[in-house]
Amino acid sequence: MGRHSVSAAESASDDATAGPFRSIRDRFPFKRNNSSSNYSSTNTLTRSSSKTTLSSHKASRSHHHHKRKLSLSPFRGKSCFYLCIFTVIFTFALASMVLQSSITSVLRQGVGGDRMRWRWSVKDGLKEGSSLEFVPRRRFELNGSRVDWLRSQPRIGIRPPRIGLILGNMEKDPSALLLYSVMKNLKGLGYLLKLYALGDGRARPIWQEIGGQVSILSPERYGYIDWSIFEGIVVDSLEAKDAISSLMQEPFCSVPLIWIIQEDTLASRLQLYEDKGWDRLISNWKNAFKRADVVVFPEFSFPMLYSVLDTGNFFVIPGSPIDVWAAESYSKTHSKSQLRKENGFDTDDMLVLIVGSSFFYNELAWDYALAMHDLEPLLIKYAGSDEAGFTSKFIFLCGNSSKDYSDALQDVATRLRLNEQSVKHYGINSDVNGIILMADIVLYGSSQDEQGFPPLLTRAMSFGIPVIAPDKPVIRKYVVDGVHGVIFPKNDPEALKNAFSLLISEGKLSRFAHSVGSSGRLRAKNMFAEECIIGYAKLLEYVFDFPSDVLLPSRPSQLNNSIWEWSLFRMELDQISSHTENLYLEGSSGPNSGIVYDLEEAMLNDPTSSNETQDHSENPGEDIPTILDWDILDEMESSEEVDRLEREEIEERMEKNIGEWDDIYRIARKSEKLRFEVNERDEGELERTGQPICIYEIYNGAGGWPFLHHGSLYRGLSLSTRSRRLSSDDVDAVGRLPILNDTYYRDILCEIGGMFSIANGIDDIHKGPWIGFQSWHAAGRKVSLSKKAEEVLEKTIQENSKGDVVYFWACLDMDGGIVGNNDLLTFWSTCDIMNAGRCRTAFEDAFRRLYGLPSNVEALPPMPEGGGHWLALHSWAMPTPSFLEFIMFSRMFVDSLHSLHINTSKPSDCLLGFSAPEKKHCYCRLMELLVNVWAYHSARKMVYIDPHSGLLKEQHPVEQRKGFMWAKYFDITLLKSMDEDLAEAADDYDHPYKPWLWPLTGEVFWQGVYEREREERYRVKMDKKRKTKEKLLDRLKHGYRQKTLGGG
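Looking up the protein chain in an unreviewed UniProt entry gives the name Glycosyl transferase family 1 domain-containing protein, with the organism given as Erythranthe guttata.

(A) Looking closely at the packing of aromatic side chains. Evaluated as defined, the whole model comprises 48 aromatic pairs. For the pair F843 and F847, a centre-to-centre distance of 6.2 Å together with 15 degrees between the ring planes defines the contact as stacked. Remark: F847 and F843 occur in helix α33 (residues 839-851); sequence separation between them is 4 residues, near one turn of the helix. Neither residue differs from the other here; F843 and F847 are each classed as buried. A connected cluster of aromatic rings, assembled from ring pairs, spans F827, W828, F843, F847, Y851, W870, F889, F893, Y936, W966, Y969 and F970. Directly above the ring of W285 sits K241, whose terminal nitrogen or CZ lies 5.5 Å from the centroid. Between the NZ or CZ atom of R891 and the centre of the ring of W998, over which it lies, the distance is 4.4 Å.

(B) Layout of the side chain of S268. Position of S268 relative to the elements: it lies in helix α7 (residues 267-276). Given a relative accessible area of 16%, S268 falls into the buried group.

(C) Geometry of the state of the cysteines. Counted by the stated rule, this structure contains 3 disulfides. At a sulfur-sulfur separation of 1.8 Å, the disulfide partner of C831 is C839. Around the S-S axis, the bridge from C831 to C839 shows a dihedral of about 75 degrees and counts as right-handed. The pair C831 / C839 is uniform in exposure class, with both members buried. A sulfur-sulfur separation of 2.0 Å characterises the disulfide bridge that pairs C910 with C922.

(D) How the structure looks around a nonpolar patch on the surface. On the surface, a nonpolar cluster with roughly 290 Å² of combined accessible area is contributed by L628, I632 and M636. Within the secondary structure, I632 sits in helix α24 (residues 627-653).

(E) The sheet that holds strand β22 (residues 731-732), seen in detail. The strand order β22-β21-β20-β23-β25-β24-β26-β27 describes an open sheet built from 8 strands, whose pairing is mixed. Taken across any chain shown, the strands that pair with only one partner, and hence form the sheet edges, are β22 and β27 (952-955). Two strands pair when backbone bridges link them, and strand β20 (residues 693-699) and strand β23 (residues 770-775) are joined in this way by 6 bridges, in the parallel orientation. Bridge pairing in β23 links C694 to I771.

(F) Focus on α33. For α33, with 13 residues, the first-to-last C-alpha span of 18 Å sits near the 18 Å given by 1.5 Å per residue. Along α33, the residues that are buried comprise C839, A842, F843, A846, F847, R848, L850 and Y851. Where the residues of α33 are buried, they touch α32 (827-834), α34 (880-902), α36 (924-937) and α38 (972-987). Of the residues flanking the end of α33, it is G852, one or two places downstream, whose phi is positive at about 65 degrees.

(G) Here's a closer look at helix α19 (residues 529-543). Between its first and last C-alpha atoms α19 spans 21 Å; for 15 residues at 1.5 Å apiece the expected length is 21 Å, and the two agree. α19 sits mainly inside the fold: 11 of its 15 residues count as buried. Within the span of α19, buried status applies to A529, C532, I533, I534, G535, Y536, A537, L539, L540, E541 and V543. In this fold, the buried residues of α19 make contact with α3 (146-151), β4 (162-167), α4 (174-188), β8 (257-260), β9 (294-297) and β10 (314-316).

(H) Representation of the sheet that holds strand β11 (residues 350-355) within the structure. Pairing within the open sheet is parallel, and its 6 strands lie in the order β14-β13-β11-β15-β16-β17. Looking along the sheet, the strands with just one partner apiece sit at the ends: β14 (423-426) and β17 (486-488). The sheet shows a mean angle of 25 degrees between the axes of neighbouring strands, direction not considered. Each of β11, β15 (441-444), β16 (467-470) and β17 touches helix α17 (residues 493-502); the most contacted strand, β17, lies at about 165 degrees to it.

(I) Inspection of the nonpolar core at higher detail. One finds I758, F773, W876 and F883 to be the most contacted residues of the largest nonpolar core, which totals 85 residues. If sequence neighbours within four positions are ignored, W876 has contacts with M755, I771, G772, F773, V806, Y807, F808, W809, L871, F883, F886 and V931. L177, I260, A529 and L573 belong to the second largest nonpolar core, which has 53 residues in total.

(J) Representation of the packing of helix α8 (residues 279-291) against helix α22 (residues 594-605). With their axes 10 Å apart at the nearest point, α8 and α22 run at an angle of 140 degrees to one another. For the crossing formed where α8 meets α22, the hand is right-handed. Contact residues: R280, L281, N284 and W285 in α8; I595, V596, L599, E600 and M603 in α22. Of the residues belonging to the contact of α8 with α22, the class tally is 6 nonpolar, 1 polar and 2 charged.

(K) Broad picture of the pairing of β15. Because side chains alternate across β15, one face comprises the buried residues I441 and L443, and the other comprises V442 and Y444, equally buried. Direction of pairing for β11 relative to β15: parallel, over a ladder of 4 bridges. For V352, the partnering residue across the bridge sits in β15 and is I441. Pairing of β15 with β16, which is carried by 2 bridges, proceeds in the parallel orientation. By the bridge assignment for β16, V442 is matched with V467. With helix α15 (residues 455-462) bridging β15 and its parallel neighbour β16, the resulting β-α-β unit is right-handed.

Definitions and limits used
Residues numbered from 1 in each chain as written. Predicted model: local features only at pLDDT ≥ 70, side-chain atom pairs only at ≥ 80, totals over all residues. Heavy atoms only, no water. Phe/Tyr/Trp six-rings, centres within 6.5 Å; stacked < 30°, edge-to-face > 60°. Helix = DSSP H or I, 4+ residues; strand = E, 2+ residues; numbered from the N terminus. Buried < 20%, exposed > 50% of the residue type's maximum accessible area, 1.4 Å probe, protein only. Lys NZ or Arg CZ within 6 Å of the ring centre and 35° of its normal. Disulfide = S-S within 2.5 Å. Patch = residues over 30% accessible without salt bridge, like charges linked within 9 Å, V, L, I, M, F, W, Y side chains within 5 Å. Areas by Shrake-Rupley, 256 points an atom, 1.4 Å probe, with all protein chains shown as cover. Salt bridge = Lys/Arg side-chain N within 4 Å of Asp/Glu carboxyl O. Pairing = 2+ DSSP bridges. Expected span 1.5 Å × (residues − 1). Contact = heavy atoms within 4.5 Å. Axes fitted to C-alpha atoms, helices over the stretch in contact; angles between N-to-C directions. Core = buried A, V, L, I, M, F, W, Y, C linked by side-chain atoms within 4.5 Å. Left-handed = near helix turned anticlockwise from the far one by under 90°. Nonpolar A, V, L, I, M, F, W, Y, C, P; charged D, E, K, R; others polar. Right-handed = clockwise from strand over helix to strand, strands pointing away.

See the structure below:
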């Protein structure tokens, strides 16, 4: 998909390479290399056969050549009539060829290539009948999205889907109008918006109307936002690139991201980066573009301009109010009469503006030359004689403002015997808005099919100028013939002349023309709004994930008849100033992006980058090693290896001075210290000595680092070795439990896997009487312990060291609004909501299998339906022995749950979730709530600590549980016996399924293991005695004597 380029014709004097062309919407220099490496596969050159005037010319020439073979005898009767017809055809074809030849010959002289601002070379050249369009590498099936399937599934959503919107600025401009209109309609579909902005602006009040309080993001705050609470992130403008950097680290890498780019500032600089060899800067931008799931552009030319950065995620949702905005703002500071006076036109002149395709060649387009066949009768009738009764002037808008273009058109006018000064040329680098505004009629003369509606036609309609356009699909899609414009069959000069005559009456615009212009202006105001807004709604359904507890948005079809929110931006248009009057030329499709120039300045100030640039420019091929270089390197390595072996042999034969005993002891102690201290220890480890409790904060990825606490109370627990903080003594869960090195198991276990790693050989790492855990999400969701709450927890533990109590400070109604204030939700209904409605079924089946219960016995432990808080986010503390009991039960339960999952027909598909993240972290949500069932039925006292005030309140008192608890299933004696049975089966390699999860989650120990270890120790001891006895007997037998000191 993309804008069609103009056609290119072949000539004998030139090759088949198409001349450079430019986009009228993009207003900046750009150039693409002809090599295949720079020409992205995103831009597909589509060859199509089309009827052009050249083919008719050839047919005419062929026919004429055949006639010359006839005898030149006198013509009589019908022969004379046929001769007249032949003469007319020949004259018409010759005029067309002369016209095209005149334009082409003048403009193939290379009209000031250095003076052109926009250049783009196409790889193989665009020939006649060719078109250039943007085809995305990845197909986005917006019709029939995954949400349609979810709507057919039974689910209970209790909260709206959340969108995190990052605004580059809060100014009132066309890009803000588009984004605000889209977001307001998305809110109407049921989305909840949370707004972030990189800077304040005049649009802040209107944004707060739909999104509440706007949070201003500073660079130091990028890493302190928990992006995982959103179903997806929408980023506006290039300015938000630095904010995206926080989304490029785990655990935020999987959060869906849509990046809307309406600026062309970066695209105008990409060619400069390539020329200067700033590959690192290009790579920097490309990595940022790659992070987005979809990069959305408002028109089809943009993906081609940014093709250097395309990683297969480019997409176009056509439509923008920029043309209407520019036209209305320009109209407030300029008048038609004044513009005509400044450009040398009379008030009574009938000005016809001819515009072409969105892409223009550096030379005058063949697009115009081919259109001359249709325009010729019109030019001859209204500009070639005085029979019309009024002065008509035809203005061609193309190329640049070079004198050569004007001379070419004047030469065409002379050959067609048109009136003097009846044809005039203006370049795209001139005042385009003024040229359109002073015209009476705008004629679209391109022969190419476009993917998007021509922007110049939108601009003309916004000025209220009646337009005439050929019958093309993209024109018919938006314009109704005779209402918003006049449409004529393409390649039909007579139809064009008739369409033109409808708009003129007695030398002026007819009433019909005024009606068309007025209707066109109203139509242009919101012409693309409905398609654009619905397109974004469908894209969000395609990209975003909708978990089990989320209410699905309404269908996008409800957004029919959507419009841009002009009313909220009307004051901005009324107060438009002169410096923004020509937005079309000065700016881009959006505000200028300062970050682009800031990164360039940083590149220039970096000495390493300048050295790289110089090295790159000198000779990039000099550093490439040859085969001879590799042979020499192998010889050197072989020689060094031989020398090393010789030195080692010599050193072994020489006597060594082992040094003093104190030196040997000091070296041994140093090596022992280095062996146990892999990471540098912080002050927290020293302060932790003697503390009654240590809270392990579980995280997975560098994105969670800012949410972790420091001090003696906390210690990090990393689920990934590579993401562990280097300057702290964080525990490496993978090192303690190798199964977490497998991504699949680490994802399905989540935080409970980290707890398994702590329990595996706990004496080696934790010696305190109390132990606590806290997910990094707790800090991100503002439910972590405050300083006051920490003091209350430590004081309470020290004063009440006895007793089995579970303290917790993050509960379900604070976990991102899962429960909220809805008291009707019970524990099991909440668990069902979080697990695709299958929590009770999965828990009951796993519990039944774990204890071997028959099918006629109830296997779902009852939980109270009244009020009270429940534990969430793995944020709790308990005595260390109680923790080991909980881990013993958890290991067996998750193994039973996993065996059910493995034995299903689709073991790769998780039944406990709807969205991809839920399926990836299959057991996580159920295991997060498992501690509630264990604590309730094992008669543990459950106390809630307010994370802010530190107030303590017991939940679900033990006295009220009598008669409801299933204490027999959670008795420590029973759990130990079950654990030993599993350990014995694992020790005997009697695995119920493969791979068996339980032995991989912790220690495997039973009485047989103890006895075998005791027998092994006894065997080693007896073997040592036997060897000692044999050595003594050997000495007695052979008369071994120790040599005296001093020899002899």
